[in-house]
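Working through the structure, step by step
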Amino acid sequence: FLWGVGSSAYQTEGAWDKDGKGPSIWDAFTHKKGKVFRNETGDSACDGYYKVKDDIQLLKEMKVNHYLFSISWPRIMPTGIRTEQVNEKGIQFYNDTINSLLENNIIPIVSLYHWDLPQVLQEKYGGWQNISMVNYFNDYANLCFEKFGDRVKHWITFSNPWAAAEKGYETGEHAPGLKLGGCGAYQAAHHIIKTHAKVWHSYNNTWRSEQQGMVGISLTSGWGEPVDPHSQTDRDAAERYIQFHLGWFANPIYKGDYPEVMKNYVGRKSAQQGLGKSRLPTFSVQEKTYIKGTSDFLGIGHFTTRYVLQKSFPFLRASSYHTDHELAELVDPKWPAPGPKWLYSVPWGFRRLLNFIKTQYGNPLIYVTENGVSEKVQCTQLCDEWRIEYLKGYINEILKALNDGVNVKGYTAWSLLDKFEWNKGFSERFGFYHVDFKNKNKPRYPKASVDYYKKIITANGFPNQREVENWYQRSMDTCSTAHQLLATDALITHMEMVTEIALPTVFTLCILISIVLLIFYLRNHS
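Predicted model, so just to flag it, every value in this text is computed and none were measured.

Our focus in this paragraph is the overall build of the protein. Tallying secondary structure elements over the protein gives 17 helices and 13 strands in all. Its C-alpha atoms give the protein a radius of gyration of 25 Å, within 12% of the compact-globule value 24 Å for 526 residues. With the C-alpha coordinates of the protein rotated into their principal frame, the extents come out at 100 × 60 × 55 Å. Across the 526 residues in the protein, those meeting the buried criterion constitute 58%. Put simply, the protein shows about 22000 Å² of open surface, and 56% of that area lies on carbon and sulfur atoms. Charge-centre separation for the protein: the mean point of 58 positive side chains lies 3 Å from the mean point of 54 negative side chains.

On to the pattern of salt bridges, then. In total, this model carries 32 salt bridges according to the counting rule given. Lys-147 is the partner of Glu-146 in a salt bridge, and the nearest nitrogen-oxygen pair spans 4.0 Å. Bridged by salt links that share partners, the residues Glu-375, Asp-384, Arg-387, Asp-418, Arg-429 and Lys-447 form one connected network.

Helix H15 (residues 385–403) packs onto helix H14 (residues 348–360) with a crossing angle of 35 degrees between their chain directions and a minimal axis gap of 8 Å. As for the relative orientation of H14 and H15, their crossing is right-handed in sense. Two secondary-structure elements touch here, H14 through Trp-348, Phe-350, Arg-351, Leu-354 and Asn-355 and H15 through Tyr-394, Glu-397, Ile-398, Lys-400 and Ala-401. When its residues are assigned to classes, the contact of H14 with H15 shows 6 nonpolar, 1 polar and 3 charged.

Val-52, Asp-55, Ile-56, Leu-58, Leu-59 and Met-62 are the residues of helix H3 (residues 52–62) that are buried. Each buried residue of H3 lies within a common arc of 150 degrees when the element is viewed along its axis, so the set occupies one face. At its buried positions, H3 is contacted by strand S1 (2–6), strand S2 (66–70), helix H5 (88–103), strand S12 (433–435), strand S13 (444–446) and helix H16 (448–459).

This brings us to the sheet that holds strand S5 (residues 214–220). The sheet built from 8 strands closes into a barrel, its strands ordered S1-S2-S3-S4-S5-S7-S10-S11 with parallel pairing. With direction set aside, neighbouring strand axes in the sheet form an average angle of 25 degrees. Here strand S4 (residues 154–159) pairs with S5 via 4 bridges, running parallel. Counterpart to Trp-155 in the pairing with S5 is Val-215. Contacts between H15 and the sheet are confined to S1, strand S10 (366–370) and strand S11 (408–414), with S11 contributing the most and set at about 170 degrees to the helix.

Attention now goes to the sheet that holds strand S8 (residues 305–310). Strand order across the open sheet formed by 3 strands is S6-S8-S9, with mixed pairing between neighbours. A single partner strand is all that each edge strand has here, and the edge strands are strand S6 (223–226) and strand S9 (327–330). Neighbour to neighbour, the strand axes of the sheet diverge by 40 degrees on average, direction disregarded. Here 4 bridges tie S8 to S9, and the two strands are oriented antiparallel to one another. Counted as the bridge partner of Val-308 is Glu-329 from S9. In the packing of helix H10 (residues 232–255) onto the sheet, contacts are made with S6, S8 and S9, and the angle to S8 comes to roughly 125 degrees. Along the sheet, H14 contacts S6 and S8; its crossing angle with S6, the most-contacted strand, is approximately 100 degrees.

Because each turn of an α-helix spans 3.6 residues, side chains separated by three or four positions end up pointing in the same direction. The terminal C-alpha atoms of H5 lie 22 Å apart, and with 16 residues this matches the ideal 22 Å at 1.5 Å per residue to within 8%. Contacts from the buried residues of H5 go to helix H1 (9–12), H3, S2, helix H4 (73–76), strand S3 (107–111) and helix H7 (133–148). At the C-terminal side of H5, Asn-105 shows a positive phi close to 60 degrees.

Right, let's talk about the nonpolar core for a bit. Counting residues in hydrophobic clusters, the biggest one holds 143 residues, and the most contacted among them are Trp-128, Trp-155, Trp-248 and Tyr-453. Not counting residues up to four positions away in its chain, the partners in contact with Tyr-453 are Trp-3, Gly-4, Val-5, Met-62, Val-64, Leu-391, Ile-395, Tyr-411, Ala-413 and Phe-432. By size, the runner-up hydrophobic cluster in this structure holds 8 residues, among which are Leu-68, Ile-109, Leu-365 and Tyr-367.

The next point concerns the packing of H5 against H7. Two numbers describe how H5 lies on H7: the axes approach to 11 Å, and their chain directions differ by 50 degrees. With respect to each other, H5 and H7 are oriented oblique. Read as a crossing pair, H5 and H7 show a hand that is right-handed. From H5, Ile-91, Tyr-94, Asn-95 and Ile-98 reach across to H7, where they touch Leu-143, Lys-147 and Phe-148. Each residue belonging to the contact of H5 with H7 can be placed in one class, and the counts come to 5 nonpolar, 1 polar and 1 charged.

Analysis parameters
- Residues numbered from 1 in each chain as written.
- Predicted model: local features only at pLDDT ≥ 70, side-chain atom pairs only at ≥ 80, totals over all residues.
- Heavy atoms only, no water.
- Helix = DSSP H or I, 4+ residues; strand = E, 2+ residues; numbered from the N terminus.
- Rg over C-alpha atoms; globule rule 2.2 N^0.38 Å.
- Buried < 20%, exposed > 50% of the residue type's maximum accessible area, 1.4 Å probe, protein only.
- Areas by Shrake-Rupley, 256 points an atom, 1.4 Å probe, with all protein chains shown as cover.
- Lys, Arg positive; Asp, Glu negative; His and termini not counted.
- Charge placed at Lys NZ, Arg CZ, Asp CG, Glu CD.
- Salt bridge = Lys/Arg side-chain N within 4 Å of Asp/Glu carboxyl O.
- Axes fitted to C-alpha atoms, helices over the stretch in contact; angles between N-to-C directions.
- Left-handed = near helix turned anticlockwise from the far one by under 90°.
- Contact = heavy atoms within 4.5 Å.
- Nonpolar A, V, L, I, M, F, W, Y, C, P; charged D, E, K, R; others polar.
- Arc of directions from axis to C-beta.
- Pairing = 2+ DSSP bridges.
- Expected span 1.5 Å × (residues − 1).
- Core = buried A, V, L, I, M, F, W, Y, C linked by side-chain atoms within 4.5 Å.
- Parallel < 35°, antiparallel > 145°, perpendicular 65-115°, else oblique.

Spelled out as structure tokens, the structure:
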């Protein structure tokens with residue numbers, strides 16, 4: 001069983017325009033005022049581009065088996081088009097990262113796309129709204145297989161494509177910030193699914209026999225639980241919740257087409273609007289055959305659960321993805337919510353989601369690719385007991401799912417570092433390591449959860465109740481030490497800032513006073 005942590009390029013690397021990197025849609029998006037909380041950007045983020053060796057030492061300290069990270073497409077292809085330019089410095093950066101991980105016995109799991117599309121492709125072609133992305137992305141993927149595939153054996157084509165499509169092209173909350181209501185997300189997802197299949201076939205036909213690796217996709221989904229499990233309408237609504245999130249991408253890959261319920265609901269809404277065809281695009285017979293079976297494993301990102309019930313929306317001329325599935329989401333006020341309002345800790349939902357995947361898609365090989373919790377606090381909190389509770393609860397449900405016969409082979413906690421959280425800026429912190437973004441060196445400090453997760457990894461799970469309680473106590477002790485270190489560093493930084501400002505100021509004042517006194521002296525004597 002593989003234990004690891006993850007991160008993504010745009011959220012951590014920084015160096016947005018250094019060493020030949022081209023701009024991504026997230027560079028363009030964050031540089032526009034009003035798009036991100038406090039107008040923050042990922043221009044320097046965690047400075048991960050310059051701190052690879054340091055961060056790999058943190059991974060080594062945690063004793064992880066694997067590290068999941070993403071490659072920035074515009075870092076290795078500035079315009080996104082292979083025939084135009086390949087950036088050797090970008091390739092060197094990822095070669096160094098991969099080699100350094102392997103030297104430390106850490107398996108690299110690499111995502112080809114965590115939302116940072118080259119800006120040129122967005123401007124020229126409209127990004128994922130355009131079918132031409134299929135070939136451009138395939139060229140990029142093949143370059144990655146060629147340059148890194150001798151050492152990387154776990155590839156993810158897309159990380160959480162649901163958010164890339166829905167938040168990027170429907171609500172506009174994420175880059176490229178387009179609000180193409182009703183069609184935007186469906187069109188983007190359609191092209192992403194076709195692209196995923198093309199890349200899988202490329203690997204299968206050209207690289208697999210030589211490199212012996214695996215290609216999958218990482219899908220993020222919550223669990224939807226019916227408000228009233230005895231009500232058929234609530235059960236149907238909960239099923240729709242899953243199908244419109246997970247099934248939207250998983251169904252074509254495992255069964256060859258969109259879920260029936262999606263086709264029915266979007267088709268019906270489209271007809272009511274007087275449209276000639278459904279807003280949900282269709283796959284041809286050949287495409288269905290081509291897409292079906294294009295995943296060697298299924299990556300699953302999961303954070304939280306919702307109660308779901310049927311909700312009919314009044315007839316709207318401008319229907320959207322959010323009104324198409326005709327449901328309302330509720331939460332239980334008793335559920336813990338240590339961080340942002342969307343992320344409630346509901347561990348039992350995870351086991352149900354994993355069993356749903358087993359039943360629906362023929363018990364595929366699963367790697368958990370993202371699971372974690374953030375805090376949303378202004379003051380620094382290194383004693384993150386809520387993260388420890390969250391990890392314990394969710395990992396325990398994976399163990400139960402394993403006992404149910406679910407084929408889970410790895411767990412990736414999200415995330416290694418506090419990092420740039422998209423339109424929330426730096427206000428949400430998912431990291432095991434606290435990053436002091438105010439300090440120009442971006443130092444990392446371990447939270448209590450580092451020590452706790454390390455013990456889970458070493459024991460390969462939970463040995464017994466008493467020992468796990470001891471882990472908790474020892475983890476809390478370590479965070480007190482880290483807090484003292486942080487306080488000392490903060491004081492030193494503050495003193496350095498004072499020195500940097502005060503000394504030149506005092507020096508300038510002394511010179512000015514000396515000049516005034518000299519003038520005064522000369523005047524008197526003349």
